Amino acid sequence: MLFVDDEPSIRLTLPSILDMHGFEVYAVGSVADALNAINSRTFDVLLADLNIGEPGDGFTVVSAMRRSQPDAVTIILTGFPAFETALEAIRAQVDDYVVKPANIEHLLHTIEQRLVDHQPHRPVPLRRVSAILRDSVDDVVRQWLVLVSADEELQQVRLSEAERSDHVPGMIYEMVDMLQLHPESVSDDALQAAAHHGRTRRRQGYNVPMLLKEGQLLRRVISQIVQQNLLAVDISHLIGDLIQSGESIDRQVKRSVEAFLAEERAPNPKAA
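The rules behind these values
- Residues numbered from 1 in each chain as written.
- Predicted model: local features only at pLDDT ≥ 70, side-chain atom pairs only at ≥ 80, totals over all residues.
- Heavy atoms only, no water.
- Pairing = 2+ DSSP bridges.
- Helix = DSSP H or I, 4+ residues; strand = E, 2+ residues; numbered from the N terminus.
- Axes fitted to C-alpha atoms, helices over the stretch in contact; angles between N-to-C directions.
- Contact = heavy atoms within 4.5 Å.
- Phe/Tyr/Trp six-rings, centres within 6.5 Å; stacked < 30°, edge-to-face > 60°.
- Buried < 20%, exposed > 50% of the residue type's maximum accessible area, 1.4 Å probe, protein only.
- Salt bridge = Lys/Arg side-chain N within 4 Å of Asp/Glu carboxyl O.
- Core = buried A, V, L, I, M, F, W, Y, C linked by side-chain atoms within 4.5 Å.

Visitor: Teacher, can you tell me more about the sheet that holds strand E1 (residues 2-4) here?
Guide: Taking strand neighbours across the sheet as the criterion, the five strands line up as E2-E1-E3-E4-E5 in an open arrangement whose pairing is parallel. With one partner strand each, in any of the chains shown, strand E2 (26-28) and strand E5 (96-99) form the two edges of the open sheet. The sheet shows a mean angle of 20 degrees between the axes of neighbouring strands, taken without regard to direction. Helix H1 (residues 8-20) contacts E1, E2, strand E3 (45-49) and strand E4 (73-78) of the sheet and is inclined by roughly 155 degrees relative to E1. On top of the sheet, helix H2 (residues 31-40) reaches E1 and E2; it is set at about 170 degrees to E1, its chief contact.

Encoded structure:
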């Protein structure tokens, strides 16, 4: 069994307990070490923390195991059972998950049951990031709103969810077009929409750092969506697609900021 967790105390205790119950455990504390182990050893079970160093890193390890050793059982340890969207992604990519702190009897039962019932994983049809994003617009908006609602600075401006996220689908569809058609710049329609967004945010009470933070959170969600669908991603295009998607967001945010500042500098007719 390959056990992956970045907490040293857990790497000391849990493997010892599993060893007492007949499992030979190889424990590592980073994604890099896990990938090296997957490439050099054979395992029948992967037990990995969902967040190894960075949130969602466990998906990266699962993806590598699925590709290299498709017969292995994959189980994720997660400390966040309340996040429904996260659990949907976990269920879609792994054989099972166990909530931390793990009940040992439940963990052992889960591992043993999955070894008995396990079916080899069938290869998932590979898709470009653009196709995944096109089919995930609603998920992008939902996850982005979760991050925005947790941000104290952005919450200083009270808006409905519809007012807050009305620009997000357009940014995603523009990004998809850029990835599929490979244009050198953002379309005129998208730039006009971004400018309108900047002026609207100015009137709603935003400042420039808030505009920039919206873009940063959107980039984070895009990375999360890709990570949650990593098994289906065409890896040969992944880096280029992520770079271009980030550039698309940056260009649209830049235009929003320019329009925001232009609106701020415009003379007020009422003051004349």
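Having seen the structure, we can now continue with the description.
Visitor: How should I be thinking about the packing of aromatic side chains in this particular structure?
Guide: Given two aromatic rings, one states the distance between the centres and the angle between the planes to describe the pair. Tallied over the entire structure, the rule returns one aromatic pair. On the basis of an interplanar angle of 35 degrees and a centroid distance of 6.4 Å, the ring pair of tyrosine 26 and phenylalanine 43 is categorised as tilted. One end of the pair, tyrosine 26, is in strand E2; the other, phenylalanine 43, is in the loop between H2 and E3, with 17 residues separating them in the sequence. Owing to a relative accessible area of 32%, tyrosine 26 belongs among the partly exposed residues under this scheme.

Visitor: Help me out: how do you make sense of the pairing of E3 in this one?
Guide: Moving residue by residue along a regular strand, the side chains alternate between the two faces of the sheet. Across the five residues that make up E3, a large majority, five, are buried. Burial along E3 is two-sided: the face carrying Val45, Leu47 and Asp49 and the face carrying Leu46 and Ala48 are both buried. Of the pairings in the sheet, the one linking E1 to E3 comprises three bridges and is parallel in character. Directly across from phenylalanine 3, in E3, lies its bridge partner leucine 47. Pairing analysis gives five bridges linking E3 to E4, with the strands arranged parallel.

Visitor: Please explain the environment of alanine 162 as it appears in this structure.
Guide: Topologically, alanine 162 is positioned in helix H8 (residues 161-165). Separated by 17 residues in sequence, alanine 162 and leucine 145 place their C-alpha atoms 9.8 Å apart.

Visitor: Whenever I open this one, the environment of arginine 220 confuses me. Can you help?
Guide: Relative to the helices and strands, arginine 220 resides in helix H11 (residues 208-228). Note on arginine 220: relative accessible area 45%, which makes it partly exposed. Between the alpha carbons of arginine 220 and tryptophan 144 there is a distance of 8.5 Å; along the sequence they are 76 residues apart.

Visitor: What am I meant to see in the pattern of salt bridges here?
Guide: Working definition: two side chains of opposite charge can pair if their charged atoms are close together. As enumerated under the stated definition, the model contains 16 salt bridges in all. Across the pair glutamate 214 and arginine 201 runs a salt bridge, and its minimum N-O distance is 2.8 Å. Residue glutamate 214 is found in helix H11, and its partner arginine 201 is found in helix H10 (residues 188-204); the two are separated by 13 residues along the sequence.

Visitor: Can you walk me through the nonpolar core in this structure?
Guide: Soluble globular proteins tend to bury their nonpolar side chains together. Counting 33 residues, the largest nonpolar core has Leu133, Val140, Trp144, Ile172 and Leu218 as the members making the most contacts within it. Taken together, the elements giving at least two residues each to this core come down to helix H6 (129-134), helix H7 (137-149), helix H9 (168-181), H11 and helix H12 (235-265). Among the elements that take part in this core, H11 stands out by supplying eight residues, more than any other. Non-local contacts of isoleucine 172, meaning those with residues more than four positions away in its chain, are made with Leu133, Val137, Val140, Leu218 and Ile222.

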